Amino acid sequence: MAVRELATFAALPNESKGRAYNEGQSNYRNEFQRDRDRIIHSSAFRRLEYKTQVFVNHEGDMFRTRLTHSIEVAQIGRTIARALDVNEDLTEAICLAHDLGHTPFGHAGQDALNNCMKDFGGFEHNLQSLRIVDLLEERYADFPGLNLTYETREGILKHCSKKNALGLGELGQRFIKKNKPSLEAQIANIADEIAYNNHDIDDGLRANLLNIDSLRESKFVESNYREVVKKWKDLNERKIRHEIVRRMIDYIVSDLIETSRDLIGKYKPASVDSIRECSKSLIKMSQTTEKEHNNLKKILRKNLYQHEQVNLMSQQAAETVKYLFNIYMEQPIFLTDELHMKITKDSQIKDEQRKARIIADYIAGMTDRFALSEYKRISENK
Ligand code: MG
């Protein structure tokens, strides 16, 4: 079978900017495949199974979790990468790692933890993903973290404040210079949006928090709905829902591939570095599709993310995170023995900031159900 050649502007594993710690090469896998495999074997990746995407994990087994979301993002990302002749392995690695830093309870958990950390440097899930792969995973004898390549780390760090970017060396430069990352990273970023927009519709309808009529405000949903019910007269609700969602994903992904292909053709980037020097993203949907995609986001925000049932869950989640943070800060005895020792040692030098960061790392790593069981254990034993 002929080996497909990648485009000149694809990120190539043998031209990688490398890893923080030098390692020998693998006989059977290239550097980006190794990154992907390290991510899959990490503890943070496994814990995504029990972390909320929008719906709290215990609300039902049918909803997306951060793990299934990440797998869907990788599927969409790989399709786009393959169609544009860029690196599929790198795209997959970035997609699988993109949500590693998420706290329990979705965005409500992240906002609550950020609030708790406001006097200690804040908390940002995207930066936390990088912190996990660079520092927190403990899997290798020779180095902390997963020692991933520059290219995978570049893709994981989707956004970053200027202040934080200053502390990140070469990786932070693009946020200061306002440049773009590799196409593989740009693809992973947009694959995330396509995945959650569409699966939140699916989950929202299944949970009865959304109804199809409120979604028909979106031209996308409306036109696909009409097509589906016209073609199949007696389709049940579940099949209608799935037909609409799969058609929308296919339409958006195809539009994105074609528009990006045209843009790349116009710009003619010679290498991955010329992509990085570009101030514009070359991975884009057509204007009409982008507008509709954003409209869908707006409709979801109004009808799903701000639904009173989701709000109630968010409030409870925020209270759980806040409670845990405060109690661990005041009474570190409730932490694990290992962390308690670490903190007791540190508090002798009165380093509150370091103590808060250790606690934030611990809470961020929790699954929804572990955070809830910790809340129960502590509140009953206090
Ligand atoms: Mg995501």
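Source: prediction; values computed, not measured. (Residues numbered from 1 in each chain as written. Predicted model: local features only at pLDDT ≥ 70, side-chain atom pairs only at ≥ 80, totals over all residues. Heavy atoms only, no water.)

Q: It is not clear to me how the state of the cysteines should be interpreted in this structure. Could you clarify?
A: Note on terminology: a disulfide is the covalent bond linking the sulfur atoms of two cysteines. Using the criterion set out here, one finds zero disulfides in the structure. Free of any disulfide, Cys-160 has its nearest neighbouring cysteine sulfur in Cys-95, separated by 20 Å. We classify Cys-160 as buried; its relative accessible area is 16%. (Disulfide = S-S within 2.5 Å. Buried < 20%, exposed > 50% of the residue type's maximum accessible area, 1.4 Å probe, protein only.)

Q: Would you take a moment to explain the nonpolar core for this structure?
A: Looking at soluble globular proteins, one finds that nonpolar side chains tend to be buried together. With 73 residues, the main nonpolar core has Ile-39, Ile-80, Leu-100, Leu-183 and Ile-201 as its most contacted residues. Sort the elements by how many residues they give to this core and helix H10 (residues 183-206) lands first, with 10 residues. Counting residues in each nonpolar core, the second largest holds 30 residues, with Ala-108, Ala-112, Cys-116 and Ile-363 among its members. (Core = buried A, V, L, I, M, F, W, Y, C linked by side-chain atoms within 4.5 Å. Helix = DSSP H or I, 4+ residues; strand = E, 2+ residues; numbered from the N terminus.)

Q: Teacher, can you tell me more about the packing of aromatic side chains here?
A: Any pair of aromatic rings gets described here by the distance separating the centres and the angle formed by the planes. Applying the stated criterion across every chain, the model contains six aromatic pairs. When the ring of Tyr-362 is compared with that of Phe-370, the centres are 6.5 Å apart and the planes differ by 80 degrees; the resulting orientation is edge-to-face. Overall, the relative accessible area of 33% leaves Phe-370 in the partly exposed class. Three or more aromatic residues joined by ring pairs make a cluster, and in this case those are Tyr-21, Tyr-140 and Phe-143. Cation over ring: Lys-17 sits above Tyr-150, and NZ or CZ is 5.2 Å from the ring centre. Between Arg-369 and the ring centre of Tyr-50, over which it is positioned, the NZ or CZ distance is 3.7 Å. (Phe/Tyr/Trp six-rings, centres within 6.5 Å; stacked < 30°, edge-to-face > 60°. Lys NZ or Arg CZ within 6 Å of the ring centre and 35° of its normal.)

Q: Before we go on, may I ask you to explain the pattern of salt bridges in this structure?
A: Per the counting criterion, the structure on display carries 38 salt bridges. Between Arg-19 and Glu-31 there is a salt bridge, with the nearest N and O atoms lying 2.7 Å from each other. Remark: Glu-31 occurs in helix H1 (residues 31-40) and Arg-19 occurs in the segment before H1; sequence separation between them is 12 residues. Of the two residues, Arg-19 and Glu-31, both sit in the buried class. Residue Asp-202 pairs with Arg-241 through a salt bridge whose shortest N-O separation is 2.8 Å. Separated by 39 residues along the polypeptide, Asp-202 in helix H10 and Arg-241 in helix H13 (residues 237-267) bring together distant segments of the chain. Per residue, the accessibility class of Asp-202 equals that of Arg-241, and both read buried. Taken together, the shared-partner salt bridges connect Arg-29, Arg-36, Asp-37, Arg-78, Arg-82, Glu-88, Asp-89 and Glu-92 into one network. (Salt bridge = Lys/Arg side-chain N within 4 Å of Asp/Glu carboxyl O.)

Q: Help me understand the coordination of the magnesium ion in this model?
A: Reference values for angles at a metal are 109.5 degrees in the four-donor tetrahedral case and 90 or 180 degrees in the six-donor octahedral case. On the protein side, the magnesium ion has His-69 (NE2), His-98 (NE2), Asp-99 (OD) and Asp-192 (OD) as donor atoms, found 2.2 to 2.5 Å from it. In primary sequence terms, the donor set of the magnesium ion follows H-x28-H-D-x92-D. Placement of His-69 in helix H3 (residues 66-83) and of Asp-99 in the loop between helix H4 (88-97) and helix H5 (106-116) is noted, with a sequence separation of 30 residues between them. (Donors = N, O, S within 2.8 Å, 3.2 Å for Na, K, Ca; no water.)

Q: Help me understand empty space enclosed by the protein in this model?
A: If a probe the size of a water molecule is rolled over the atoms, the empty space left behind becomes visible. Under the defined criterion, the tally for this structure stands at one cavity of 30 Å³ or more. Computed from the structure, the largest cavity encloses a volume of approximately 30 Å³. Taken together, Ile-94, His-98, Gly-155, Ile-156, Lys-158, Ala-188 and Asn-189 form the lining of the largest cavity. Elements represented by at least two residues in the lining of the largest cavity include exactly helix H7 (150-156) and H10. (1 Å grid on protein atoms, 1.4 Å probe; cavity = no way out; pocket = protein on both sides within 12 Å on 5 of 7 lines; lining within 4 Å. Points joined across faces, edges and corners; volume = space filled by probe spheres on them.)

Q: Help me understand H10 in this model?
A: Residues spaced three or four apart along an α-helix point in a common direction, a consequence of the helix completing one turn every 3.6 residues. Between its first and last C-alpha atoms H10 spans 34 Å; for 24 residues at 1.5 Å apiece the expected length is 34 Å, and the two agree. H10 sits mainly inside the fold: 20 of its 24 residues count as buried. Backbone geometry just downstream of H10 places Asn-208 in the positive-phi region, at approximately 65 degrees. (Expected span 1.5 Å × (residues − 1).)

Q: Where do I start with the environment of Lys-17 in this structure?
A: Mapped onto the fold, Lys-17 is located in the segment before H1. When its relative accessible area of 38% is taken as the criterion, Lys-17 is described as partly exposed. Ignoring anything within four residues of it in the chain, the contact list for Lys-17 reads Tyr-150, Glu-151, Glu-170, Asp-273 and Arg-276. A polar contact of 2.9 Å, which involves the side chain of Lys-17, links it to the side chain of Glu-170. (Contact = heavy atoms within 4.5 Å. Polar contact = N/O pair within 3.5 Å; in protein donor to acceptor, adjacent residues only side chain to side chain.)

Q: Explain the layout of surface pockets to me, please; I cannot follow it from the model alone.
A: Put simply, the largest pocket is a space of about 840 Å³. Taken together, 29 residues line the largest pocket, and the ones lying closest to its centre are Leu-136, Glu-138, Leu-339, Asp-361 and Tyr-362. Of all the elements in the fold, those that place two or more residues in the lining of the largest pocket are helix H2 (43-47), helix H6 (125-136), helix H17 (337-347) and helix H18 (352-364). The element best represented in the lining of the largest pocket is H18, accounting for seven residues. Counting residues domain by domain, the lining of the largest pocket receives three or more from each of domain 1 (30-309) and domain 2 (310-381). For the second largest pocket, the calculated volume is near 660 Å³. Lining the second largest pocket are 28 residues, with Gln-53, Val-54, Arg-66, His-107 and Tyr-305 sitting closest to its centre. Broken down by secondary-structure element, the contributors of at least two residues to the lining of the second largest pocket are H3, H5, H10, helix H15 (287-305) and helix H16 (308-330). By residue class, the composition of the lining of the second largest pocket is eight nonpolar, 11 polar and nine charged. Of the residues that make up the lining of the second largest pocket, three or more belong to each of domain 1 (30-309) and domain 2 (310-381). (Domains from an automatic or database assignment. Nonpolar A, V, L, I, M, F, W, Y, C, P; charged D, E, K, R; others polar.)

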